[in-house]
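# Architecture at a glance
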Amino acid sequence: MPHQASQDSGRSSVSLRSALQSLPPYKPGKSAASSDVVQYKLSSNENPYPPLPSVLDAVNQMTPEMNLYPDMTCRAVTEAVASRWGVEPSCVSFGSGSVEVASQIIRSVCEEGDEVVFAWRSFEAYPILTGLAGATAVKVPLTEDERHDLPAMAAAVTPRTKVVLVCTPNNPTGTSVTAEELHEFMAQVPQDVLVVVDEAYVHFNVDPAAARGIDFFRAYPNVVVLHTFSKAYGLAGLRIGYAIAPDYISAALRAVAIPFGVSNMAQQAALASLGAEAEVEERITALVEQRDHVHRQLTEQGWDVVESQANFVWLRTGARTAEAEEIFSRHGVIVRAFADEGIRVSIGSPAGNQTFIVAAQDVLNHLNAATTPRNGS
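As the structure is a prediction and not an experimental result, all values here were calculated from the model.

## With respect to the overall build of the protein
- Check the secondary structure of the protein and you find 12 helices and 12 strands.
- Taken over C-alpha atoms, the radius of gyration comes to 22 Å for the protein, in line with the 21 Å a tight globule of 377 residues would show.
- Taken over the C-alpha atoms alone, the protein extends approximately 75 × 65 × 50 Å along its principal axes.
- Per-residue burial for the protein yields a buried fraction of 51% across its 377 residues.
- Long-range pairs, those at least 24 residues apart, make up 73% of the contacts in the protein between residues at least 6 apart in sequence.
- Only carbon and sulfur atoms are counted for the fraction: they give 53% of the accessible area of the protein, which is about 18,100 Å².

Right, dumping it as structure tokens:
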């Protein structure tokens, strides 16, 4: 009679990787919950606009083929992206969002005990991806004005460093790195260290002095650029992003990529989006105008808020973050709170943005009242 495990035979003896014990969980932005208050989800940096008609049509044309595996080579969209940026197709590789491509990079380059350097706070997935690869995360604090401290990051590079991640515009602070700063940084980094310029929010960056990843890819042999279709193109739900990298790096990324990880619907939506860039640009312009309006309103209220070059703004609320998040929630504004640090608020519809502005005044009044001494105290 075959052995059958009983329900009370105890916990399984299968051991899990030790890295999981110290791995920080990824916390997605909260979604709207049941409420009597009209709610605006401004927690995930999603594009507030619905899909473009041409993009929706392209996706609908693929639905009868969802029983088939997608083109694992992403050939058509690879050629389109290569043409868009003037690079060889062999330098372009895809994944299910730029975060998955970042994971491919770290897994391709890092051995157990190697180091990955990045600013902190920056994209929440960086320490997770680093830990999963068995590498060590080296977090370099931001400057007082919420920007990358590139000289400190260069000083943090050691013989064990394999990858440096530069998120510009930075998530969650929205600040960007200038071209001059990045050139100075590259002059200090050994060429056997891969510098990844993560530009998930680059389309919203209107700073003329800002570094552009593609220029650095062309100028330096150890630069990789990350882009995504999730933000400006509004394809977050379809999961497609890509890297522009030296061809041998791109070959390695394709080797470690999840097989068939990018659906045909995502590929066709990306192709259609590249073909509708004029319409996409109109939406980007509108979002940037709304972002700048929100920034002005916050400044007039008295918030000390840094200028953002992304599709969100950052409020440094420190130890009062949980209180602030609760007040926003009462107003129907769902934000992304980073405990004891700050709150990131996505730019949404004009109505959502206005509701946020009203709520922000209430939050500021509450924080100021709590820090003002009472008479006679």
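## Description of the side chain of Arg-344
- Following the sequence through the fold, Arg-344 ends up in strand β12 (residues 342-346).
- Despite being buried, Arg-344 has no salt bridge partner; Glu-124 is the closest side chain of opposite charge, sitting 6.4 Å away.
- Side chain to side chain, Arg-344 and Asn-45 meet in a polar contact 3.3 Å long.
- Ignoring sequence-local partners within four residues, the contact set of Arg-344 consists of Leu-42, Ser-43, Ser-44, Asn-45, Asn-171, Pro-172, Phe-312, Val-313, Trp-314, Val-335, Arg-336 and Phe-338.

## Examining the pattern of salt bridges
- All chains considered together, the criterion is met by 13 salt bridges.
- Note that Arg-291 is salt-bridged to Asp-292, the shortest N-O span being 3.3 Å.
- With relative accessibility at 28%, the residue Asp-292 sits in the partly exposed group.

## Some points on the sheet that holds strand β8 (residues 241-244)
- One open sheet holds the 7 strands; their spatial order is β2-β8-β7-β6-β5-β3-β4, and the pairing between them is mixed. The strands lining the two open edges of the sheet, one partner per strand, are β2 (92-95) and β4 (136-141). Here the average twist between neighbouring strands, direction ignored, is 25°.
- Looking at chain direction, β2 and β8 are connected through 4 bridges and run antiparallel.

## Examining the nonpolar core
- Phe-94, Phe-185, Phe-229, Phe-328 and Phe-356 are the most contacted members of the largest nonpolar core, which has 85 residues in total.
- When residues in this core are grouped by element, the largest group, 7 residues, is from helix α12 (residues 350-371).
- Setting aside its immediate chain neighbours within four residues, Phe-328 contacts Leu-315, Val-333, Val-335, Ile-343, Phe-356, Ala-359, Ala-360 and Val-363.
- Ala-135, Leu-165, Val-224 and Leu-253 belong to the second largest nonpolar core, which has 25 residues in total.

## Focus on the packing of aromatic side chains
- The final tally for this structure, using the stated rule, is 11 aromatic pairs.
- With centroids separated by 4.8 Å and ring planes inclined at 45°, the aromatic side chains of Phe-229 and Tyr-233 adopt a geometry described as tilted.
- If you follow Arg-84 out to its NZ or CZ, it ends over the ring of Trp-85, 4.3 Å from the centre.
- Here the basic side chain of Lys-139 rests over the ring of Trp-120, its NZ or CZ set 4.5 Å away from the ring centre.

## Details of unusual backbone geometry
- At the junction of Trp-120 and Arg-121, the peptide bond is cis and its omega measures out at 15° in the coordinates.
- If you trace the backbone, Arg-121 turns up in the loop between β3 (115-120) and α4 (125-132).
- Residue Asn-171 is joined to Pro-172 through a cis peptide bond whose omega torsion reads 25°.
- Backbone geometry at Asp-340 places phi at a positive 65°, although glycine is not the residue there.
- Topologically, Asp-340 is positioned in the loop between β11 (336-338) and β12.
- By relative accessible area, Asp-340 is classed as exposed at 56%.

What counts and how
Residues numbered from 1 in each chain as written. Predicted model: local features only at pLDDT ≥ 70, side-chain atom pairs only at ≥ 80, totals over all residues. Heavy atoms only, no water. Helix = DSSP H or I, 4+ residues; strand = E, 2+ residues; numbered from the N terminus. Rg over C-alpha atoms; globule rule 2.2 N^0.38 Å. Buried < 20%, exposed > 50% of the residue type's maximum accessible area, 1.4 Å probe, protein only. Contact = heavy atoms within 4.5 Å. Areas by Shrake-Rupley, 256 points an atom, 1.4 Å probe, with all protein chains shown as cover. Lys, Arg positive; Asp, Glu negative; His and termini not counted. Salt bridge = Lys/Arg side-chain N within 4 Å of Asp/Glu carboxyl O. Polar contact = N/O pair within 3.5 Å; in protein donor to acceptor, adjacent residues only side chain to side chain. Pairing = 2+ DSSP bridges. Axes fitted to C-alpha atoms, helices over the stretch in contact; angles between N-to-C directions. Core = buried A, V, L, I, M, F, W, Y, C linked by side-chain atoms within 4.5 Å. Phe/Tyr/Trp six-rings, centres within 6.5 Å; stacked < 30°, edge-to-face > 60°. Lys NZ or Arg CZ within 6 Å of the ring centre and 35° of its normal.

These figures come from the coordinates and say nothing about function on their own.
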